[in-house]
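Chain by chain, the residues run as shown.
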Amino acid sequence: MAIETHPNWFYDFSPMRTLILGSFPPHQSKHSFPFYYPNKQNRFWKVMSAISGIELLNNLSDIDNAIEERKSIMRKLNLGIHDVALKIRRKNNSSLDSNIEIVEFQDIISIVNNHPELEQILLLGFSAKNNAAQNFIKYIEKQKLLSKFPIDFKITSESSFFIYIQNREIKCVILNSTSSASRITLNELLIQFSKYI
């Protein structure tokens, strides 16, 4: 399997109080536009649009304006977006986390260090093998970051733990995937995400 490198999509701005981490974008053949959550079937931007009150009006063929619309949502919500993986091997062009193997992680520590205002990290997806939550925990173990997990911790929806970077405590919360393959409804996603964003 060929190694894929994450597109250079990271949008850095301040203040960024929340960082959302997914696993890795779907295969390029499934992109509707070149930015995070590029598959138009994914409900991520619908949820963020509803929470922010900023409507998604631009046609996805108007790439620059469609991306700027999404960046304006991020700025209004003080919300950064990235993925845990920098390089992966993918099985059969699949978008499923279970068909992705991480070869190299993103430098998440640098994002945290560059944003002293950052308060929390939200990890999207928990049920599939190689999901964002599992891989982020592997990342913090590899980086030997101090962490605090509840005694009864399990990787489930809305479970949380803390990591410590340069004497800062960052809360990490696991949320549902916004993928259309998920059984959770759009309304349930809105209720859940609204608690944290």
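Read on for a plain summary of the structure. (Residues numbered from 1 in each chain as written. Predicted model: local features only at pLDDT ≥ 70, side-chain atom pairs only at ≥ 80, totals over all residues. Heavy atoms only, no water.)

Some points on the packing of helix H1 (residues 44-52) against helix H2 (residues 63-77)
Consideration 1: Axis separation between H1 and H2 bottoms out at 10 Å; the angle between their running directions is 50°. Considered as vectors, H1 and H2 are oriented oblique to each other. Considering how the two elements wind past one another, H1 and H2 form a crossing that is left-handed. Taken together, the residues of H2 that come into contact with H1 (itself represented by Trp45, Met48, Ser49, Ile51 and Ser52) are Arg70, Ile73, Met74, Lys76 and Leu77.
Consideration 2: For the contact of H1 with H2, the residue count by class is 6 nonpolar, 2 polar and 2 charged. (Axes fitted to C-alpha atoms, helices over the stretch in contact; angles between N-to-C directions. Helix = DSSP H or I, 4+ residues; strand = E, 2+ residues; numbered from the N terminus. Parallel < 35°, antiparallel > 145°, perpendicular 65-115°, else oblique. Left-handed = near helix turned anticlockwise from the far one by under 90°. Contact = heavy atoms within 4.5 Å. Nonpolar A, V, L, I, M, F, W, Y, C, P; charged D, E, K, R; others polar.)

A short note on the environment of Ala85
Consideration 1: Relative to the elements of secondary structure, Ala85 occurs in strand E4 (residues 85-90).
Consideration 2: In this structure Ala85 comes out as buried when scored by relative accessible area, which is 1%.
Consideration 3: Taking C-alpha positions, Ala85 is 23 Å from Glu117, a pair spaced 32 residues apart along the chain.
Consideration 4: Discounting residues that sit within four places of it in the chain, Ala85 has contacts with His6, Ser23, Phe24, Ile102, Glu104, Phe105 and Gln106. (Buried < 20%, exposed > 50% of the residue type's maximum accessible area, 1.4 Å probe, protein only.)

Structural notes on helix H4 (residues 132-142)
Consideration 1: Listed in full, the buried residues belonging to H4 are Ala132, Ala133, Asn135, Phe136, Ile137, Tyr139 and Ile140.
Consideration 2: Among the residues of H4, the N-terminal cap falls to Asn131, whose side-chain oxygen and the backbone nitrogen of Ala133 are separated by 3.0 Å.
Consideration 3: After H4 finishes, the residue Lys144 shows a positive phi value of roughly 55°. (Polar contact = N/O pair within 3.5 Å; in protein donor to acceptor, adjacent residues only side chain to side chain.)

Section: the sheet that holds strand E7 (residues 146-148)
Consideration 1: One open sheet holds the 6 strands; their spatial order is E3-E2-E6-E9-E8-E7, and the pairing between them is mixed. Single-partner strands in this sheet number two, and they are strand E3 (79-83) and E7. When the angles between neighbouring strand axes are averaged without regard to direction, this sheet yields 25°.
Consideration 2: Note that E7 and strand E8 (residues 160-165) share 3 bridges and pair antiparallel. Across the sheet, Lys148 pairs through a bridge with Phe162, a residue of E8. (Pairing = 2+ DSSP bridges.)

Points about the nonpolar core
Nonpolar side chains tend toward joint burial in soluble globular proteins.
Consideration 1: Counting 53 residues, the largest nonpolar core has Trp45, Ile121 and Phe136 as its most contacted members.
Consideration 2: Looking at this core, the element that brings in the most residues is H4, giving 6 residues. (Core = buried A, V, L, I, M, F, W, Y, C linked by side-chain atoms within 4.5 Å.)

As for the packing of aromatic side chains
Consideration 1: For the coordinates displayed, the defined rule picks out 12 aromatic pairs.
Consideration 2: With centroids separated by 5.2 Å and ring planes inclined at 70°, the aromatic side chains of Phe35 and Tyr36 adopt a geometry described as edge-to-face. Taken as a pair, Phe35 and Tyr36 share a single burial class, namely buried.
Consideration 3: Between Phe105 and Tyr139 the ring centres are 5.6 Å apart and the planes differ by 55°, which places this aromatic pair in the tilted class. Here Phe105, found in strand E5 (residues 100-105), pairs with Tyr139, found in helix H4; they are 34 residues apart in sequence, far enough to count as distant.
Consideration 4: Through a chain of ring-to-ring contacts, three or more aromatic side chains come together here, namely Trp9, Phe35, Tyr36, Tyr37, Phe44 and Trp45.
Consideration 5: The lysine or arginine in question, Lys148, covers the ring of Phe162, its NZ or CZ lying 5.5 Å from the ring centre. (Phe/Tyr/Trp six-rings, centres within 6.5 Å; stacked < 30°, edge-to-face > 60°. Lys NZ or Arg CZ within 6 Å of the ring centre and 35° of its normal.)

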